[in-house]
Amino acid sequence: MAALELDLFLCRTDNFGVLLHDRVSGATASIDAPEEQPILDALERRGWQLTHILTTHHHGDHVAANVSLKERFGVTIIGPKNEASKIPGIDRTVGHGDRFDFAGHPVEIIETPGHTAGHICYHFPQDKLLFAADTLFALGCGRLFEGTAETMWQSLNRLMALPDDTAVYFGHEYTLSNAHFAVTVDPENKELKERAAEIEETRLDGGFTAPTTIGLEKRTNPFLRAGDPRVRANLGMEKASDAAVFAEIRKRKDNF
Ligand SMILES: [Fe+2]
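Quick caveat: nothing in here was measured; it's all calculated off a predicted structure.

Reading the values: rules and limits
- Residues numbered from 1 in each chain as written.
- Predicted model: local features only at pLDDT ≥ 70, side-chain atom pairs only at ≥ 80, totals over all residues.
- Heavy atoms only, no water.
- Donors = N, O, S within 2.8 Å, 3.2 Å for Na, K, Ca; no water.
- Tetrahedral: all angles 85-135°; square planar, octahedral: opposite > 155°, others 65-115°.
- Helix = DSSP H or I, 4+ residues; strand = E, 2+ residues; numbered from the N terminus.
- Buried < 20%, exposed > 50% of the residue type's maximum accessible area, 1.4 Å probe, protein only.
- Core = buried A, V, L, I, M, F, W, Y, C linked by side-chain atoms within 4.5 Å.
- Salt bridge = Lys/Arg side-chain N within 4 Å of Asp/Glu carboxyl O.
- Pairing = 2+ DSSP bridges.
- Expected span 1.5 Å × (residues − 1).
- Arc of directions from axis to C-beta.
- Axes fitted to C-alpha atoms, helices over the stretch in contact; angles between N-to-C directions.
- Parallel < 35°, antiparallel > 145°, perpendicular 65-115°, else oblique.
- Left-handed = near helix turned anticlockwise from the far one by under 90°.
- Contact = heavy atoms within 4.5 Å.
- Nonpolar A, V, L, I, M, F, W, Y, C, P; charged D, E, K, R; others polar.
- 1 Å grid on protein atoms, 1.4 Å probe; cavity = no way out; pocket = protein on both sides within 12 Å on 5 of 7 lines; lining within 4 Å.
- Points joined across faces, edges and corners; volume = space filled by probe spheres on them.

**Some points on the coordination of the iron ion**
So, point 1. Distances from the iron ion to its protein donors, namely His 57 (NE2), His 59 (ND1), His 115 (NE2) and Asp 134 (OD), fall within the range 2.2 to 2.3 Å.
So, point 2. For the iron ion, the four donor atoms are set out with angles of 84 to 176 degrees between them, so the coordination reads as irregular.
So, point 3. In the primary structure, the donors to the iron ion are separated according to the pattern H-x1-H-x55-H-x18-D. You can see His 59 sitting in the loop between strand E4 (52-54) and helix H2 (60-63) and its partner Asp 134 sitting in the loop between strand E10 (129-133) and strand E11 (136-137), a full 75 residues away along the chain.
So, point 4. Taking relative accessible area as the criterion, Asp 134 reaches 3% and is therefore assigned buried.

What follows is the structure, encoded as structure tokens:
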């Protein structure tokens, strides 16, 4: 099995576009479809033909180009069964634990409700890839629009259970502002401080902060560190449940 080729680019203002390409079969998937033109430009640049859209959730900035790309290429749109009625052009629904092949590459669906009620992530276990969209960001996590902190904490725990060397692609380039917040929650974390400095440089140079990895997020992302004694002590929440600590961190970020 040849490695999947990947192309990462910006759509709209801060949405990531990602194309996945299998050279043997020619199959090409877009992870979500935030905006048509940047996706067409990336396809043109690579000489790829779009065959699939893998939708993570129903928000407009993730499904905006579903219908136009379907009309143009006749793509198959796969998306979350729990919000299928809100996904334009959807052909096939998938839910937690479902498995399918993308051009011979196994894909496993992880439901991660919280940001939206039916949000799903696409995990490619053999390729060690995760497309986490608006559930997990570099040094951040999605806002709780359709779920409680408890629900989102459980969802994030599903992602934390993946191997540390899983590469994580996410929905938005929010990392610099996430880093500014993260150091206020976990100020003694040396690796986080070093990472925050690197992120400043990367963004100054116009670079992207994706992908990250599960291991790096577990060590530096405050939203995954609600169980860490230093984080809990810093918040004065030594005796609270992990979910309550997570809820407090989410609330602080909402007001940051
Ligand atoms: Fe979203």
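**Some words on the nonpolar core**
So, point 1. In this structure, Leu 130, Leu 136, Leu 156, Leu 159, Phe 246 and Ile 249 are the most contacted members of the largest nonpolar core, which totals 27 residues.
So, point 2. Put simply, the parts of the chain that give this core at least two residues each are E10, helix H4 (149-160), helix H5 (175-185), helix H8 (229-235) and helix H9 (242-254).
So, point 3. If you look at the next biggest cluster of nonpolar residues, it comprises 25 residues, including Leu 54, Ile 78, Val 107 and Phe 137.

**So, the pattern of salt bridges**
So, point 1. Under the definition given, this model contains 20 salt bridges.
So, point 2. With a shortest N-O distance of 2.6 Å, Arg 46 and Asp 7 are connected by a salt bridge. Linking Arg 46 in helix H1 (residues 36-46) with Asp 7 in strand E1 (residues 5-11), this pair joins segments that are 39 residues apart in sequence.
So, point 3. You can call Asp 7 buried: its relative accessible area is 6%.

**Looking at the sheet that holds strand E9 (residues 120-124)**
So, point 1. Reading across from one edge, E7-E8-E9-E10-E13-E14 is the order of the six strands in this open sheet, with mixed pairing throughout. The sheet is open, and its two borders are formed by strand E7 (99-102) and strand E14 (212-213), each paired with just one other strand.
So, point 2. Pairing geometry for strand E8 (residues 105-111) and E9, over four bridges, is antiparallel. Bridge assignment links Glu 111 to a residue of E9, and that residue is Ile 120.

**Regarding H4**
So, point 1. Counted at 1.5 Å a residue, the expected span for H4 with its 12 residues is 16 Å, and the 16 Å between its end C-alpha atoms agrees.
So, point 2. For H4, the set of buried residues is Ala 149, Met 152, Trp 153, Ser 155, Leu 156, Leu 159 and Met 160. Projected onto a plane normal to the axis of H4, the buried residues spread over an arc of 160 degrees and lie on a single side.

**Description of the packing of H1 against helix H3 (residues 66-73)**
So, point 1. Interhelical geometry of H1 versus H3 gives an angle of 40 degrees and a closest axis separation of 10 Å. Compared by their axis directions, H1 and H3 come out oblique. In terms of crossing hand, the pair formed by H1 and H3 is right-handed. The segment H1 lies against H3, with Glu 36, Ile 39, Leu 40 and Leu 43 engaging Ser 68, Leu 69, Arg 72 and Phe 73.
So, point 2. Residues that form the contact of H1 with H3 fall into these classes: five nonpolar, one polar and two charged.

**Some thoughts on empty space enclosed by the protein**
Empty space among the atoms can be located by rolling a probe the size of a water molecule over them.
So, point 1. Here the structure, examined in full by the defined rule, presents one cavity of 30 Å³ or more.
So, point 2. Estimates place the volume of the largest cavity at around 70 Å³.
So, point 3. Lining the largest cavity are Phe 16, Val 18, Ile 31, Asp 32, His 62, Phe 131, Ala 133, Tyr 169, Phe 170 and Gly 171.
So, point 4. Contributing elements (two or more residues each) for the lining of the largest cavity: strand E2 (15-21), E10 and strand E13 (167-170).

**Focus on the pairing of E7**
So, point 1. Taking every second residue as pointing to the same face, the buried face of E7 carries Phe 100 and Phe 102, while none of Arg 99 and Asp 101 on the other face is buried.
So, point 2. Relative to E8, E7 runs antiparallel, the two sharing four bridges. In the strand pairing of E8, Arg 99 is matched with Glu 108.

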